Each structure stands twice: as C-alpha cells, then as structure tokens.
Amino acid sequence: MFNLTKSQEAFAEAKGLMPGGVNSPVRSYQGMGYPPPFIDHAKGSKIYDIDGNEYIDYVGSWGPMVVGHAHPKVVAALHEAIERGTSYGAPTLVESALAKKVMEIYPSVDMIRMVNSGTEATMSALRVARGYTGREKIVKFIGCYHGHSDGLLVQAGSGAATFGTPSSPGVTRGTTKDTITVAYNDIEAITKVMQEQGKDIAAIIVEPVAGNMGLVLPRQGYLHALRELTQKTGTVLIFDEVMCGFRASLGGAQAAYGIKPDMTCFGKIIGGGLPVAAYGGKREIMEKVSPSGPVYQAGTLSGNPLAMTAGLVTLELITQRPSDDEPDYSRKLTLKTKKLLLGLEEQAKIAGVKIQAHQAGSMFGIFFNASDVYDYETSAASDQEAFRIYFRSMLEQGIYFGPSQFETSFMSGAHTDEDIEKTIEASKKAFAAVAAYQKNK
Ligand SMILES: *Cc1c(COP(=O)(O)O)cnc(C)c1O
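Residues numbered from 1 in each chain as written. Predicted model: local features only at pLDDT ≥ 70, side-chain atom pairs only at ≥ 80, totals over all residues. Heavy atoms only, no water.

Participant: Sorry if this is basic, but what is going on with the side chain of Asn304 here?
Facilitator: Within the secondary structure, Asn304 is located in the loop between α10 (283–286) and α11 (305–319). Among the residues examined, Asn304 registers a relative accessible area of 14% and is labelled buried. One polar contact links the side chain of Asn304 to the main-chain amide nitrogen of Ala307, over a distance of 3.0 Å. When neighbours within four sequence positions are excluded, Asn304 is seen to be in contact with Thr86 and Ser87. (Helix = DSSP H or I, 4+ residues; strand = E, 2+ residues; numbered from the N terminus. Buried < 20%, exposed > 50% of the residue type's maximum accessible area, 1.4 Å probe, protein only. Polar contact = N/O pair within 3.5 Å; in protein donor to acceptor, adjacent residues only side chain to side chain. Contact = heavy atoms within 4.5 Å.)

Here it is, written out as structure tokens:
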C-alpha cells in the first residue's frame, strides 16, 4: 500500500524551517493531496523516497538528468575532481573544455560566460543586450519563464502560474515598466509591438520551445518571424534554452528550427545535475561583458570545478556516437519519448479522455484539454482537476511526474523499454479515474 508517512513527518518539520518546507515552490506539491516524497537517493531512471517507495522518474531534477541519475561516468569524474578541491575561484582547464564543448554543439555561440543558475543567465544576458544596444525596453512572452529576476517576473509560467501570482509582490513597477509582455505564438501581436517600439527595444527573450506553461511548441514560422523582426530593428534576439537546450534536439531549439539567435541562455543539462548555467552569443555582444567590456557581471562560484566536470562529462556522454549506423543519443531519446507519448495517447483514447500530447525531442507533456494548446491562455484552460487525479494515480503506482500541468516531463538515457511499458500500463488506471471524474462533472 502506497504511503508517505515518513515524508509527511519530514515535511511537517521542514515547513517550520523553510517557507512551504521547500527551497523552490513547485516541490511543495501544493494542492496535490500528498506531501512531497522526501528523496533518499536516485539511480538511473529511478528515484527513491525515505518511505522506501521507488518511482520511475520523469522529472529528472526538472531537466538536467539527461543521462539518468548517478551515471557511473559522471560519478567517477566527480570523485576524481573532488579530491583536487571543491573550489578555487581561479581559472581552470575544465572551464575552457566545457566552453568549447558547448560552442561545438551551438555554432551561434562565439563566446560564453558560466554562471550558477538559469535566473542568473537570463538576467545577465538582458543586461548585456541593454548595454550593447543602449536601449532599455525588453519583450517577454506571457507564460514563458526566465527565472525569478525582478524584471522578468511578469506573467511568467510554471510555479508562478500554478500559484496564481503572475507577478510577485516585492517586484517594483520601476523594474517591470521596461518589460513588454506579448502573447506567445502570436505573430501579429509581436509585429505590432516591434513596428511601434522596435527601435527602443534592446532584446526579445523567448523560450523557443516553451516548457513552463506545460510544453508548448512554437507554431510554424513563429521563430523565423521573431528573427526577422529583431533584425530589422537591431534588437538582440535571446533564445532562453535553459530547458530546451540539448533536449529539443542536441543543438536545442535553434538547431531543430534552423534559427540563429544573437544570444543563448543555457542551464539545467549544462551542469549535469550540479548548479551551472551560462549565457553566450555573438562575439561583438559578449565582448561587452566585464572585464573585456563595461557590462558588469561576476560570480564567486561561477565555473566551479565540480560543476564544470559534471556538465562536461554529461555533454560528452550525449554527444558520443557508438557507431555510424546507430542513432545518436538525442535521436534515441526522441524515439523513446515518442513511444511513451503514443502509448499514453492510446490509453487516454481508450478511456475516453481528451488530451493534447506534445513532444520536443526528449521533452514531453500532456494537457487535459479537448482543444489546441498554443499559448498561456489555452494552456491555463486545461482541466486542472483531471491533471491532479491523473498525477495522484500515477504517483501511487510509482510514476513520478511534476505536480503541475504546467511542468514539462523529461526522458533520460537511463529509461528502459520496461520503464516505458510500466508507465503506459499505469496510465490505464489513471485515465480511467480521470474519465470517471469528467463524466460526473
Ligand atoms: C529553469 C528555467 C530557468 C531558470 O533556471 P534556474 O536555474 O531555476 O534559475 C530559466 N529559463 C527557463 C526556460 C527555465 O526552464
């Protein structure tokens, strides 16, 4: 019988110690009817809580664990690195190695700066774009999340969306007055903004594959339109690939859709499960960054040797090709993800539950929604109670998804066919429960 007794106790204690008992809001399972399982350890595709429950993990630390948990090569490299000290605050070879590796995969990036979180990456990229253009306004899209820096905490998705606080108290009007928000996937709306104010807009920042209002794909021609509009006005186009980088395809959304942004933000996978993020782009823009240029940005632990090591080994693992006739790592993940999603769609159909199933490489998500989901509004119109029922049933059956319809799920190289079959099998019961609820609604 599924139980979370120990997690319940641990959560009660943690709530007195940390706001909501957690260090990041979504982890609190608010409104899900269960305490968050407190995690003891994880290995490969599995995660284990302190009550002894085993789950097939599709959260993967919200994206980073693309090669699975505690991959032997990552662990061995970290053991070796840790013996040589955990931080020096001085240049190391591994920083250059990771920089080169990222640029090999992302030809749009001529220079890169490592930071510690996606929040820092997007915040810094915008500062640089403003310094480079001498303009103050920026554009972000409704439902896109770019971390929690003040100027970007406007109509953000995910945690912010789930908690119904599209922008947060404590963020001043002064900091957000230069942030223009526009609906995602609406070419007409952004065209109008750019025609009217383009010459004053330093940057457009976008999740080229949006993963923080559930997984929402860019419509045909949308990213091309952004590229053309920004080129006309000399606006810096920033792709926030913190989530979709190395996932939408190995080369991220920019490779998948054939667009060259001016700047790119990375995070999640780039640190292989340790806190790393980065921003980079055209040389003439990146040379504005201190100390080669006047735009200040720094970090005591930036480029930390352990974090760089985990990132480098992870990227090496996903870029290596065993042989020419075998599909590469990201292709394999894409195929596995497709298999799972087709299975879930089939089970939903059998149960008579209408869902929208979205995939971008190794990212996937379903919406309990009979109509198309292409922006924040259509995503938010999905049946939240249906999701809760589905989520709880899956959790009880040992399948670990993010506790919100606005969270994207992730496949890893460690997931087996058996994991996928088990997940599809579990979904039968979950969709049946949703069907029963929707019938009585
Ligand atoms: C996760 C995420 C961020 C923020 O990264 P943190 O490391 O959590 O600060 C920014 N942008 C996108 C697209 C993300 O998915």
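Participant: What should I look at first to understand the pattern of salt bridges in this one?
Facilitator: Summed over all chains, the structure comprises 14 salt bridges. The partner of Asp262 in a salt bridge is Lys282, with the nearest N and O atoms 2.9 Å apart. Highlighted residues: Asp262 in the loop between α9 (252–257) and β9 (263–266) and Lys282 in the loop between β10 (277–281) and α10, separated in sequence by 20 residues. Classification of Lys282 as partly exposed rests on a relative accessible area of 32%. The structure contains a network of salt bridges with shared partners spanning Arg227, Asp262 and Lys282. (Salt bridge = Lys/Arg side-chain N within 4 Å of Asp/Glu carboxyl O.)

Participant: How do you make sense of unusual backbone geometry when you look at a structure like this?
Facilitator: Leave glycine aside and you will find that most residues have negative phi; peptide bonds, for their part, are mostly trans. Cis geometry marks the peptide bond from Ser290 to Pro291; its omega dihedral reads 5°. Within the fold, Pro291 resides in the loop between α10 and α11. Non-glycine residue Ser61 carries a positive phi angle of around 55°. Here Ser61 lies in the loop between β3 (54–57) and α2 (72–82).

Participant: I would appreciate a short explanation of the environment of Met65 in the present structure.
Facilitator: With respect to the helices and strands, Met65 occurs in the loop between β3 and α2. Those residues in contact with Met65 that lie beyond four places of it in its chain are Gly60, Arg247, Gly272, Gly273 and Ser412.

Participant: Can you walk me through the site of the ligand in this structure?
Facilitator: Near the ligand, the surroundings consist of Ser117, Gly118, Thr119, Tyr145, His146, Gly147, Glu207, Asn212, Asp240, Val242, Met243 and Lys268. Note that an oxygen atom of the ligand is positioned 2.8 Å from one of the backbone N or O atoms of Gly118. One of the backbone nitrogen or oxygen atoms of Tyr145 is found 3.2 Å away from a nitrogen atom of the ligand. Look at the ligand: alone it shows 380 Å² of surface, and the protein chains cover 82% of it. (Near = heavy atom within 4 Å. Areas by Shrake-Rupley, 256 points an atom, 1.4 Å probe, with all protein chains shown as cover.)

Participant: Explanation requested: the sheet that holds strand β13 (residues 399–400) in the structure shown.
Facilitator: Sheet strands associate in pairs through backbone hydrogen bonding, adopting either a parallel or an antiparallel arrangement. Strand order across the open sheet formed by 4 strands is β1-β2-β3-β13, with mixed pairing between neighbours. The open sheet has two edge strands with one neighbour each: β1 (39–43) and β13. Both β1 and strand β2 (residues 46–49) contribute to a ladder of 4 bridges, which runs antiparallel. Note that in β2 the partner of Ile39 across the bridge is Asp49. (Pairing = 2+ DSSP bridges.)

Participant: Can you help me understand the nonpolar core in this one?
Facilitator: When a protein is soluble and globular, its nonpolar side chains tend to lie buried together. If you look at the biggest cluster of nonpolar residues, it comprises 68 residues, and the most contacted ones within it are Tyr58, Phe246, Phe266, Phe368, Tyr390 and Phe431. Tallying contributions element by element places α11 first for this core, with 9 residues. Not counting residues within four places of it along the chain, the set of residues in contact with Tyr390 comprises Leu344, Ile366, Phe368, Phe401, Ala430, Phe431 and Val434. The next biggest cluster of nonpolar side chains, apart from the first, holds 25 residues, and it includes Met194, Ile204, Ala210 and Leu237. (Core = buried A, V, L, I, M, F, W, Y, C linked by side-chain atoms within 4.5 Å.)

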